[in-house]
Amino acid sequence: MEFENQTFINEFILIGFSQNVLIRSFLFFLFYVIYVLTVLENGFLIYTIIFVSKLHTPMYYFLCNLSFLDLCVSSSTVPQLLITVLSKERRISVVYCLIQMNTVLVLGGIECLLLAVMAYDRYIAICFPLYYTVIMSWRVCRYITVFMWGGSFLFSSAPTLIKPFVFCRENRLDHFYCEVLAMMELACGDISFYKITIVVVGFFTLFSSPIFILGSYFCIILSILKINSSHGRYKAFSTCASHLIVVFMFFGTSLTMYMGQASFSAYLKYISLNYMVFTPLLNPLIYSLRNNEVKE
């Protein structure tokens, strides 16, 4: 009965960013260049890892997964961002919006788990090198991959599929893509189920994953301190520091978005640019393109 006399909407209008033509032109050029570089960097890394047998190790297997994931994350949002910045008509159907929202949720969940797995992989390689090939066998890597994709879908996307959003309020979406918190603001009826789901999923992905990562790197640093060579210690610390930068960038903004807010605020769309646009660009530079094996 609560939806009687309501007009259900079937499309949204994305507000995006500034309405100034010059600013929009600049943003289009900036995001277009970033997207092209993101595709080239990650595509080059995937190609290199697949076709260079020397890189067929668990570490580069997960790095290849990360590059593929970054391509998917960037391609699921940045083309829509470019259309939103350039076009005057920023209409998008509700069906497409829901598909995009669930895609981003699943990909975000996978990246949280993947970063934790990569930290664990480095922990085993540095702290237990003699047991590395046994613990991180290819069979284990395949199981981990299935768990990441299946677990992310189960925790991130399934709740919104079980109880889909219904929209009957204003159709102006204050974002550059179909972000879940922004869409919740336009949903009809009681949205407490979605808020509880975000908190629960956020705890298992956005909160527990960085704790696990920091714990792994803490153990790695303790092992590094035992290295006699000062050059070896510096190299290892440099690698750990660059990896932790990615972790803080991704999880810092994600925690601000989903754990620090009870509802959507307009300024959060600027924060989401970090993990939707800039993180996929920086990941291959920080994780792989600085490695001597990849350079060779």
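The structure displayed is predicted, hence computed values, not measured ones.

*Asks:* Help me out: how do you make sense of the UniProt feature "transmembrane region" (unreviewed entry) in the chain in this one?
*Replies:* Mapped onto this numbering, the UniProt entry annotates "transmembrane region" (unreviewed entry) at residues 21-40, 60-82, 94-118, 130-155, 200-225, 237-258 and 270-289. With 85% helix and 0% strand, residues 130-155 has end C-alpha atoms that lie 35 Å from one another.

*Asks:* Sorry if this is basic, but what is going on with the environment of tyrosine 177 here?
*Replies:* Considering the arrangement of structural elements, one finds tyrosine 177 in the loop between β3 (172-173) and α6 (180-184). Given a relative accessible area of 1%, tyrosine 177 falls into the buried group. Sequence separation between tyrosine 177 and threonine 84 is 93 residues, and the spatial gap between their C-alpha atoms is 8.4 Å. The contacts of tyrosine 177, once residues within four sequence positions are left out, are Leu14, Thr77, Gln100, Val104, Tyr258, Ser272, Tyr275 and Met276.

*Asks:* I tried to follow the pattern of salt bridges on my own but got confused; where do I start?
*Replies:* Any two side chains of opposite charge can pair, so long as their charged atoms come close to each other. If you walk through the whole model with that rule in mind, you get two salt bridges. Arginine 91 is paired through a salt bridge with glutamate 11; the nearest N and O atoms lie 2.7 Å apart. Taken together, the positions of arginine 91 in strand β2 (residues 91-93) and glutamate 11 in strand β1 (residues 11-14) put the pair 80 residues apart, joining distant regions of the chain. Judged by relative accessible area, which is 27%, glutamate 11 ranks as partly exposed.

*Asks:* Which parts of the structure should I look at to understand the packing of helix α3 (residues 94-127) against helix α7 (residues 192-224)?
*Replies:* In the contact formed by α3 and α7, the axes pass within 9 Å of each other and the chain directions differ by 15°. Between α3 and α7, the interaxial angle falls into the category roughly parallel. When you trace α3 past α7, the crossing you get is left-handed. Contact residues: Cys112, Leu113, Leu115, Ala116, Ala119, Tyr120, Arg122, Tyr123, Ile126 and Cys127 in α3; Thr205, Leu206, Ser209, Phe212, Ile213, Ser216, Tyr217, Cys219, Ile220 and Ser223 in α7.

*Asks:* Sorry, what's going on with the state of the cysteines here?
*Replies:* Such a bond, covalent and formed between the sulfur atoms of two cysteines, is termed a disulfide. Counted according to the given criterion, the structure contains one disulfide. Residue cysteine 97 pairs covalently with cysteine 178 via a disulfide, S to S 1.7 Å. Around the S-S axis, the bridge from cysteine 97 to cysteine 178 shows a dihedral of about -105° and counts as left-handed. With a gap of 81 residues between them, cysteine 97 in helix α3 and cysteine 178 in the loop between β3 and α6 connect regions that are remote in the sequence. One exposure class covers both cysteine 97 and cysteine 178, and it is buried.

*Asks:* So what exactly am I meant to see when it comes to empty space enclosed by the protein here?
*Replies:* Sizing a probe to match a water molecule and rolling it over the atoms shows the empty space that remains. Here the structure, examined in full by the defined rule, presents three cavities of 30 Å³ or more. If you add up the space inside the largest cavity, you get close to 410 Å³. Elements supplying a minimum of two residues to the lining of the largest cavity: α2 (58-86), α3, α5 (138-162), α7, α8 (230-258) and α9 (268-287). Classifying every residue of the lining of the largest cavity gives 15 nonpolar, nine polar and one charged. Looking at the second largest cavity, its volume works out to about 40 Å³. Together, Ile15, Gly16, Phe17, Ser18, Arg24, Leu27, Thr84, Val85 and Arg90 line the second largest cavity. Secondary structure elements with two or more residues in the lining of the second largest cavity: α1 (21-51) and α2. Grouping the amino acids of the lining of the second largest cavity by side-chain chemistry returns four nonpolar, three polar and two charged.

*Asks:* In this structure, what is going on with the packing of aromatic side chains? I would like to understand it.
*Replies:* One pair of aromatic rings is described through two measures. These are the centre distance and the angle between the planes. Applying the stated criterion across every chain yields a total of 11 aromatic pairs. Judged by centre distance (6.2 Å) and plane angle (40°), the rings of tyrosine 120 and tyrosine 123 are tilted. Of this pair, tyrosine 120 and tyrosine 123 both sit in helix α3, three residues apart, which is roughly one turn of that helix. Among the residues examined, tyrosine 120 registers a relative accessible area of 27% and is labelled partly exposed. Cluster of aromatic residues (ring-pair linked, three or more members): Tyr120, Tyr123, Phe128 and Phe212.

*Asks:* Whenever I open this one, the sheet that holds β1 confuses me. Can you help?
*Replies:* Strand pairing in a sheet takes place through backbone hydrogen bonds and is either antiparallel or parallel in direction. An order of β2-β1-β3 is seen for the three strands of this open sheet, with the pairing classed as mixed. In this open sheet, the two strands that pair with only one neighbour each are β2 and β3. Two elements, β1 and β3, share two bridges in a ladder whose sense is parallel. By the bridge assignment, isoleucine 13 is partnered in β3 with arginine 172. Packed on one face of the sheet, α3 meets β1, β2 and β3 and runs near 80° to β2.

Rules of the game
Residues numbered from 1 in each chain as written. Predicted model: local features only at pLDDT ≥ 70, side-chain atom pairs only at ≥ 80, totals over all residues. Heavy atoms only, no water. UniProt positions renumbered as here; feature names shortened; annotations may be inferred. Helix = DSSP H or I, 4+ residues; strand = E, 2+ residues; numbered from the N terminus. Buried < 20%, exposed > 50% of the residue type's maximum accessible area, 1.4 Å probe, protein only. Contact = heavy atoms within 4.5 Å. Salt bridge = Lys/Arg side-chain N within 4 Å of Asp/Glu carboxyl O. Axes fitted to C-alpha atoms, helices over the stretch in contact; angles between N-to-C directions. Parallel < 35°, antiparallel > 145°, perpendicular 65-115°, else oblique. Left-handed = near helix turned anticlockwise from the far one by under 90°. Disulfide = S-S within 2.5 Å. 1 Å grid on protein atoms, 1.4 Å probe; cavity = no way out; pocket = protein on both sides within 12 Å on 5 of 7 lines; lining within 4 Å. Points joined across faces, edges and corners; volume = space filled by probe spheres on them. Nonpolar A, V, L, I, M, F, W, Y, C, P; charged D, E, K, R; others polar. Phe/Tyr/Trp six-rings, centres within 6.5 Å; stacked < 30°, edge-to-face > 60°. Pairing = 2+ DSSP bridges.

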